[in-house]
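What follows is the residue order along each chain.
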Amino acid sequence: MAIDNSGGATFGLQLWILTKRLLIRVIRRPYTELPTVLISAFFLFVYVGQLDKVFGGSAMPSSIDFSKGNFVNFILPFSIVSASISGASSGINLVEDIESGVFRRYQAMPISRWAVILAPMLVGAVRVFFQSGLILSLGILIGASPATGPIGFLAILGIAFLWGMGFAGYSVAAGIRSGSAQGAQAATFLFFPALFIAPTFVPREALSGWLSSAAAFNPTTYVIEAMRGIMIDGWISESILKGVIASGLFALITLTFAVIAARKVTEKN
Amino acid sequence: MFAVEAIKLAKTFQTRQGPVKAVRNVSFAVAPGEIFGILGPNGAGKSTTILMLTTLLRSTTGSAKILGLDVDKDDAAVRNKIGVALQETGIDEVLTGKELVQSTGRLWGLSQSKASERSAELLSLVGLTDAADRRVKTYSGGMKRRLDLALSLIHQPQILFLDEPTTGLDPGSRRVLWNEIIRLRNEGVTIILTTQYLEEADALADRIAIIDNGVVELEGTPDALKASIGGDVILFSFETKEIAKRAGDSITNSEVTGRELRTTVNNGPQSIPNLFSILQANNIEAVAVSSSRPTLDDVFLKVTGHKLEAVKVHENDDLGNHGGV
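Quantities reported herein were computed from a predicted structural model and do not represent experimental measurements.

Asks: Outline the interface of chain A and chain B, listing residues and values.
Replies: Taken together, the 29 residues of chain A in the interface contact 30 residues of chain B. With both chains or domains summed, chain A and chain B bury close to 2700 Å², and 54% of this area falls on carbon and sulfur atoms. On inspection of chain A and its partner chain B, the count reaches four salt bridges. The closest approach of N and O atoms between Asp-92 of chain B and Arg-21 of chain A, which form a salt bridge, is 2.6 Å. Listed by contribution, the elements that provide at least two residues to the side of chain A that touches chain B are helix 1 (11-28), helix 4 (88-100) and helix 5 (102-107) of chain A. Per-element accounting of the side of chain A that touches chain B gives the leading share, eight residues, to helix 1 of chain A. Within the side of chain A that touches chain B, the residues separate by chemical class into eleven nonpolar, eight polar and ten charged.

Asks: Tell me about the domain arrangement of chain B, residues and numbers included.
Replies: The domain architecture assigned to chain B consists of domain 1 (4-93 + 139-226) and domain 2 (232-292). Here the C-alpha centroids of domain 1 of chain B and domain 2 of chain B sit 43 Å apart.

Asks: Tell me about the nonpolar core, and please be specific about residues and values.
Replies: Buried together is how nonpolar side chains tend to be arranged in soluble globular proteins. Counting residues in each nonpolar core, the largest one holds 76 residues, and the members touching the most others are Ile-117 of chain A together with Leu-147 and Ile-191 of chain B. Element by element, the count of residues in this core is highest for helix 6 (residues 113-141) of chain A, at nine residues. Setting aside its immediate chain neighbours within four residues, Ile-117 of chain A contacts Val-172, Ile-176, Leu-255, Ala-258, Val-259 and Ala-262 of chain A. Tyr-47, Leu-51, Ala-187 and Val-223 of chain A belong to the second-largest nonpolar core, a separate cluster that totals 45 residues.

Asks: How would you sum up empty space enclosed by the protein? Please name residues and give values.
Replies: If you walk through the whole model with that rule in mind, you get five cavities of 30 Å³ or more. In this structure, the largest cavity spans a volume of roughly 180 Å³. Lining the largest cavity are 20 residues, with Arg-104, Arg-105 and Ala-108 of chain A together with Val-84 and Ala-85 of chain B sitting closest to its centre. Going through the elements one at a time, helix 5 of chain A together with strand 6 (82-85) and helix 5 (141-153) of chain B are the ones with two or more residues in the lining of the largest cavity.

Asks: Any chance you could break down the packing of aromatic side chains for me, citing the residues and the numbers?
Replies: Residue and element names in this part refer to chain A. Throughout the structure, instances matching the rule amount to 19 aromatic pairs over all chains. Between Trp-163 and Phe-250, the ring centres sit 5.0 Å apart and the planes meet at 25°, which makes this aromatic pair stacked. Of the two residues, Trp-163 is situated in helix 7 (residues 150-178) and Phe-250 in helix 12 (residues 237-265); the sequence distance between them amounts to 87 residues. Seen in terms of ring centroids, Phe-167 and Phe-191 are 5.9 Å apart; in terms of plane orientation they differ by 65°. Their pairing is edge-to-face. Separated by 24 residues along the polypeptide, Phe-167 in helix 7 and Phe-191 in helix 9 (residues 191-196) bring together distant segments of the chain. What makes Phe-191 buried here is its relative accessible area of 2%. A cation sits over an aromatic face here: Arg-228 above Phe-74, 3.5 Å from the ring centre.

Asks: How would you explain the sheet that holds strand 14 (residues 288-292) of chain B if you had to name every residue and give the values?
Replies: Residue and element names in this part refer to chain B. With antiparallel pairing, the four strands of this open sheet are ordered in space as 12-13-11-14. Because the sheet does not close on itself, it has two edges, and the strands there are strand 12 (254-257) and strand 14. On average, each strand axis in the sheet is inclined to that of its neighbour by 20°, with strand direction left out of account. Examined bridge by bridge, strand 11 (residues 232-237) and strand 13 (residues 260-265) share six bridges and lie antiparallel to one another. Along strand 13, the bridge assignment pairs Phe-236 with Leu-261. Those strands touched by helix 10 (residues 268-281) are strand 11, strand 13 and strand 14, and its axis lies near 35° from that of strand 11.

Asks: Give a description of the environment of Gly-234 of chain A that names residues and reports values.
Replies: Residue and element names in this part refer to chain A. Tracing the backbone shows Gly-234 in the loop between helix 11 (219-233) and helix 12. You can call Gly-234 buried: its relative accessible area is 8%. Residues Gly-234 and Gly-152, spaced 82 residues apart in sequence, show a C-alpha to C-alpha distance of 8.2 Å. In contact with Gly-234, not counting residues within four places along its chain, are Ala-147, Thr-148 and Gly-229.

Asks: Residues and numbers for the confidence of the model for chain A, please.
Replies: Predicted confidence across chain A gives a mean pLDDT of 85, with 91% of residues reaching 70 or more. When pLDDT is averaged over each helix and strand of chain A, the minimum, 80, is found for helix 2 (residues 34-55) of chain A and the maximum, 93, for helix 1 of chain A.

Asks: Please provide a residue-by-residue account of a nonpolar patch on the surface, values included.
Replies: Residue and element names in this part refer to chain A. Nonpolar side chains collect at one region of the surface, where Leu-241, Ile-245, Leu-249, Leu-252, Ile-253 and Phe-257 lie side by side and expose about 620 Å² of accessible area between them. As for its position among the elements, Phe-257 is in helix 12. Residue classification places Phe-257 among the exposed residues on the basis of a relative accessible area of 56%.

Asks: Residues and numbers for helix 2 of chain A, please.
Replies: Residue and element names in this part refer to chain A. Between its first and last C-alpha, helix 2 extends 30 Å over 22 residues, near the 32 Å set by a 1.5 Å rise per residue. Bending of helix 2 peaks at approximately 40° at the position of Gly-49. Within helix 2, burial applies to Thr-36, Val-37, Ser-40, Ala-41, Phe-43, Leu-44, Tyr-47, Val-48, Leu-51 and Phe-55. Among the structural elements, helix 3 (71-82), helix 6 and helix 9 are those in contact with the buried residues of helix 2.

Asks: Hey, could you go over the pattern of salt bridges for me, with residue numbers and the actual values?
Replies: Per the stated rule, a full pass over the model turns up 22 salt bridges over all chains. The salt bridge involving Arg-21 of chain A is made with Asp-97 of chain A; its shortest N-O contact spans 2.8 Å. With a gap of 76 residues between them, Arg-21 of chain A in helix 1 and Asp-97 of chain A in helix 4 connect regions that are remote in the sequence. According to the relative accessible area criterion, Asp-97 of chain A is buried, its value standing at 7%. Residues joined by salt bridges that share partners form a network here, namely Arg-21, Arg-25, Arg-29, Glu-96 and Asp-97 of chain A together with Asp-92 of chain B.

Asks: If you had to explain unusual backbone geometry to someone new, which residues and values would you point to?
Replies: Residues and elements named next belong to chain B. Although it is not a glycine, Leu-67 adopts a positive phi angle of roughly 50°. Considering the arrangement of structural elements, one finds Leu-67 in the loop between strand 4 (61-66) and strand 5 (69-70). In this structure, Asn-213 is a non-glycine residue whose phi angle is positive, near 55°. With respect to the helices and strands, Asn-213 occurs in the loop between strand 9 (207-212) and strand 10 (215-220). Assessed through its relative accessible area of 51%, Asn-213 is described here as exposed.

Cut-offs applied
- Residues numbered from 1 in each chain as written.
- Chains lettered and ligands numbered in written order.
- Predicted model: local features only at pLDDT ≥ 70, side-chain atom pairs only at ≥ 80, totals over all residues.
- Heavy atoms only, no water.
- Contact = heavy atoms within 4.5 Å.
- Buried area = accessible area lost by both parts, 1.4 Å probe.
- Salt bridge = Lys/Arg side-chain N within 4 Å of Asp/Glu carboxyl O.
- Helix = DSSP H or I, 4+ residues; strand = E, 2+ residues; numbered from the N terminus.
- Nonpolar A, V, L, I, M, F, W, Y, C, P; charged D, E, K, R; others polar.
- Domains from an automatic or database assignment.
- Core = buried A, V, L, I, M, F, W, Y, C linked by side-chain atoms within 4.5 Å.
- Buried < 20%, exposed > 50% of the residue type's maximum accessible area, 1.4 Å probe, protein only.
- 1 Å grid on protein atoms, 1.4 Å probe; cavity = no way out; pocket = protein on both sides within 12 Å on 5 of 7 lines; lining within 4 Å.
- Points joined across faces, edges and corners; volume = space filled by probe spheres on them.
- Phe/Tyr/Trp six-rings, centres within 6.5 Å; stacked < 30°, edge-to-face > 60°.
- Lys NZ or Arg CZ within 6 Å of the ring centre and 35° of its normal.
- Pairing = 2+ DSSP bridges.
- Axes fitted to C-alpha atoms, helices over the stretch in contact; angles between N-to-C directions.
- pLDDT = per-residue confidence, 0-100.
- Patch = residues over 30% accessible without salt bridge, like charges linked within 9 Å, V, L, I, M, F, W, Y side chains within 5 Å.
- Areas by Shrake-Rupley, 256 points an atom, 1.4 Å probe, with all protein chains shown as cover.
- Expected span 1.5 Å × (residues − 1).
- Bend = angle between axes of the 7 residues up to and from the residue.

Structure, rendered in C-alpha cells:
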C-alpha cells in the first residue's frame, strides 16, 4: 500500500502517535518486561560462573586466550543479544490489537499500514535497548570494561536497538500470519538456534564442522562479533559495519514480511 | 443522491468447512439525515453488511455507494466521510479515555490543540468528562460504547455506522445512547444502525430493513411495515352482548366476542369516525373504542416465519410507540 496521507496525519506523526501509545502500554505494565530481563541476566551470570575459569584466565595459552583475560567482556554481547527475545512481545502486542479490534479501527482510518507495523517494531527496539542497557550495567558491575570506553557502550546499545527492531519485526510477522498470540509466541523458538548456531561461547574460528558453516549465515553471528570487537579489540570498522548491516538488513526484511502479511490479513476477503 | 446505497450486496466466506454465504442479497438506499435500522437476529448478516459498507470488507458480488462514492474504488475518500463503531469496540484499555480520543484526533490530522479541544467537547457530549482521566479498563460496558461513539465522531463524519450499539447494555445506558443517536440525527448526521431489538428499531429508526439469512426481506418505515400486515386493529366495547351482536351485523369484516367487536382497518385513526357513523345510523352506542397497531414482532414473524429471538429491551419502555388512541 502506498503511504497515503489524505485527510490524516503525516506518516511521521502517525508513526509517533502509534509508537507513543504502545510505549505508554509498556510503561504502565512494566512487570511484563521482567521475565526477559531476568533471562538475559541469568545467561550472563551462569555463563560467567561456568566458563570464566576456563576461558578467562590470562594464564591461558595464547591460542585460546580470545577474551584477552576478561571473559565478562567476551560473553556480555551474547547476553545482550539474548535480550532480543523481549522483542517478541511486539508480535504478541499486535495480535492483542487484532483481537481487540484496534487493528480494524486503524484500518477504518487514514493510517499507513507501514506505520501500523513499524510502530510495534520500534517499541520492540526500545525494549531491547533498555534491557540491553540494564544488562550492560550489570556487566560493568561484575567486571566488564570495553576497550572503547563509555562510547563503546553507546555503540553496542545502538546495534542492540537495530537488532531488537529486526527480532520484533519477525515476531510481528509471525503474529499476523498465525493470527494468534500463541502463534507469535511459538515462532520465537527461532530465538534459540539464532543464539546458539553462532559463536556463542567461543570465537568463530573455534567452531567446527557444520556449525561453523551455518554460523556464517546467521545474522546473530555478525551482531555478536561487532559487539565483541567493541568490547575487546577497540574500533574495528569492518566488524562493526558487518554487525550494523546484518541487523539493519534483518530489520528491513522482517518489516517487509510483516507488511506483506498484514496486507493479506486486511485484503478484505 | 443517496447517503448510502447498497445494490445486491452478497458475501461468501471460504472456510475449511466449505463456503458460507453470510450475505446473499442486500439492497437498500438511505436518504441523507435518516436513521436507518437494519433489524435481524444473530447471524443474519448485519455485521458483514456493515463491514462491506464501511470499506473494511470486499463484497463477493454487488456494490455499494457512500454519497455517490464506490466503497471499493474510492475507499480512502469514503473513510473520510464515515464514522464507524463496530461491535468489537477496538479500544486500548490501558489508556485513559482522554488519551484515546486525543490520539485518535491526532491520527485524523488534527493539531495538538485542536485535538484536545475536540476531545473535551466529545467526552462531554457522551457524558464521560468525569471519567476522562481514568483508564478505560475501569469503564462499564455502556461507558465503553459511549467512548467508542465519541471516537467515531472525531472527524465529523456525515454518515455514522453503528453495529449493534446497545447490545448487552443495561436499560439506563441504552437510553443514554438512544438519546445521543437521536441528537446526532437532529444535527444532520445520517445514521445506519443494526440491532436485534425490535423496540430499538421501532424507537429510533425512520426506516427499517428486516434482514434474515443474509437477505433483506422487507424494508420501509416502522408504520408502513406494520401496516403491511393488515393495518390497525380497532376494538369496540358495548354495554351488552346483544348490542355487540347487532354491531357485528352492521360492520362488515368484524368479529364479535362477548361484548366486544374487533375489526382490522388500513388506518385506525381515520376509520374510527366512519365506523362510529355506521353504528349511529343503526342506533348502536359504543362504550369504548381503541385502535392498536400490529407490532414489529408481528411483522418479523410474518416475513421470516419465525420470531426474533432477542432479549427484551426492558419492560416499561416508554420510548416505544405502541399504543392505543
